[in-house]
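So the chains spell out like this:
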Amino acid sequence: QLAVVTTYDDGSEESKNDDSEEEGGRSVITNKLLWALGWAWHRIMTAQPNQGILGVNLGKNKTSDDEIGDYTTGIRKLGPYADYLVINVSSPNTPGLRSLQQREPLYNLLTFTMKARDEYAPHAPVYVKIAPDLSLSEMEDVAAVVMETGIDGMIVSNTTNARPESLVSPNKREVGGLSGAPIKNRSTECIRTIYKLTNGTIPIIGVGGVGSGRDAYEKLKAGASLVQVYSMMVYEGPGVVSRIRKELADLLVENGYKSVEDVVGADCEDIYWNRVEERVKKRMEAEKIVTV
């Protein structure tokens, strides 16, 4: 996943003389990103066998007063390269960005970005990425907007502004987003809450403190359909993915599950068993069709 992409006018002569009068300096950064993204896309898509999935995580400019324009420009410029798009409204490093998680601003933003997606990148599902610091009422608002706008999914969650007492580093009071193991439990609880609020109908990508197969297993049980790894990649490199997959597969077998799909949302029993019943009905209908 390419993250986080913004477009901006840096005030330089290069920006002023850029070839896009409509966007001004915004195209300076996007032209460079287009080259890099095009190279990455070509390498992934021409690999044999082709197994690449490329996500583009879009953010608001730090100095911008037109966040809708920022996101829609990102979709127009980069959407054609993406397998999926992320509307990031939760980076703790952009002043004012997290206010976009409030009900009315989020509704307006997602409405416009979905229209832009339909026009410029109709192949790419759109996910909204939220913070782990939201209150229950704020998560209720987010869930309602997600259901109303018909967005394709959610990423739960971003880094946190909170500083748990368990931190021991002398740098623990530094400003910025905290990631990794310290946010694992909070992230998982947010996934569980969002899964319940959306009645399990919105696909969730679980993020935050995933460093083992059990961590991934807990995210899936809470309601995530997919899991992303960030911080642990720094400590172990890409090989961590194979280890997590192996550990997760062992846990699924130990607990009597046949697939990842079977464990999604298991913590939320009422929703879980309704979804199991729906899957069984679909399988039975499919088998009838094949038999006939």
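Residues numbered from 1 in each chain as written. Predicted model: local features only at pLDDT ≥ 70, side-chain atom pairs only at ≥ 80, totals over all residues. Heavy atoms only, no water.

Student: Would you take a moment to explain the nonpolar core for this structure?
Tutor: A general tendency of soluble globular proteins is for nonpolar side chains to be buried together. With 54 residues, the main nonpolar core has L85, I87 and M154 as its most contacted residues. Setting aside residues up to four positions removed in sequence, L85 forms contacts with V56, L58, I75, G79, R117, A121, A124, P125, V126 and Y127. Residues Y84, Y127, I155 and I205 belong to the second largest nonpolar core, which totals six residues. (Core = buried A, V, L, I, M, F, W, Y, C linked by side-chain atoms within 4.5 Å. Buried < 20%, exposed > 50% of the residue type's maximum accessible area, 1.4 Å probe, protein only. Contact = heavy atoms within 4.5 Å.)

Student: What's the story with the packing of aromatic side chains in this structure? I'm lost.
Tutor: Aromatic ring pairs: the centre-centre distance and the angle between the two ring planes describe each pair. Evaluation of the coordinates by the stated rule reveals two aromatic pairs. With a centroid separation of 5.9 Å and an interplanar angle of 80°, the aromatic rings of Y84 and Y127 are classed as edge-to-face. Within this pair, whereas Y84 is found in strand 3 (residues 84–88), its partner Y127 is found in strand 4 (residues 126–130), the two being separated by 43 residues in sequence. Y84 gets classed as buried once you look at its relative accessible area, which sits at 12%. Using a relative accessible area of 12% as the deciding quantity, one classes Y127 as buried. (Phe/Tyr/Trp six-rings, centres within 6.5 Å; stacked < 30°, edge-to-face > 60°. Helix = DSSP H or I, 4+ residues; strand = E, 2+ residues; numbered from the N terminus.)

Student: Teacher, can you tell me more about the layout of surface pockets here?
Tutor: Empty space among the atoms becomes apparent when a probe as large as a water molecule is rolled across them. Taken as a whole, the largest pocket spans an internal volume of roughly 970 Å³. Lining the largest pocket are 22 residues, with L226, V227, Q228, V229 and V241 sitting closest to its centre. Residue assignment for the lining of the largest pocket shows that the elements contributing at least two residues are helix 7 (213–222), strand 7 (226–227) and helix 9 (239–254). Ranked by the residues each element gives to the lining of the largest pocket, the list is headed by helix 9, at four residues. Tallied by class, residues from the lining of the largest pocket come to 17 nonpolar, four polar and one charged. Each pocket or cavity is described by its volume, and for the second largest pocket that value is around 540 Å³. (1 Å grid on protein atoms, 1.4 Å probe; cavity = no way out; pocket = protein on both sides within 12 Å on 5 of 7 lines; lining within 4 Å. Points joined across faces, edges and corners; volume = space filled by probe spheres on them. Nonpolar A, V, L, I, M, F, W, Y, C, P; charged D, E, K, R; others polar.)

Student: What exactly am I supposed to notice about the packing of helix 4 (residues 103–120) against helix 5 (residues 136–149) here?
Tutor: Geometrically, a packed helix pair is captured by the angle between its two axes and the distance between the axes. Taken N-terminus to C-terminus, the directions of helix 4 and helix 5 make an angle of 30°; their axes are 10 Å apart at the nearest point. Put simply, helix 4 runs roughly parallel to helix 5. For the pair helix 4 and helix 5, the crossing hand works out as right-handed. Counted together, R103, L106, Y107, L110, T111 and M114 of helix 4 and D141, V142, A144, V145, E148 and T149 of helix 5 form the full contact between these two elements. Taken together, the residues that form the contact of helix 4 with helix 5 break down as seven nonpolar, two polar and three charged. (Axes fitted to C-alpha atoms, helices over the stretch in contact; angles between N-to-C directions. Parallel < 35°, antiparallel > 145°, perpendicular 65-115°, else oblique. Left-handed = near helix turned anticlockwise from the far one by under 90°.)

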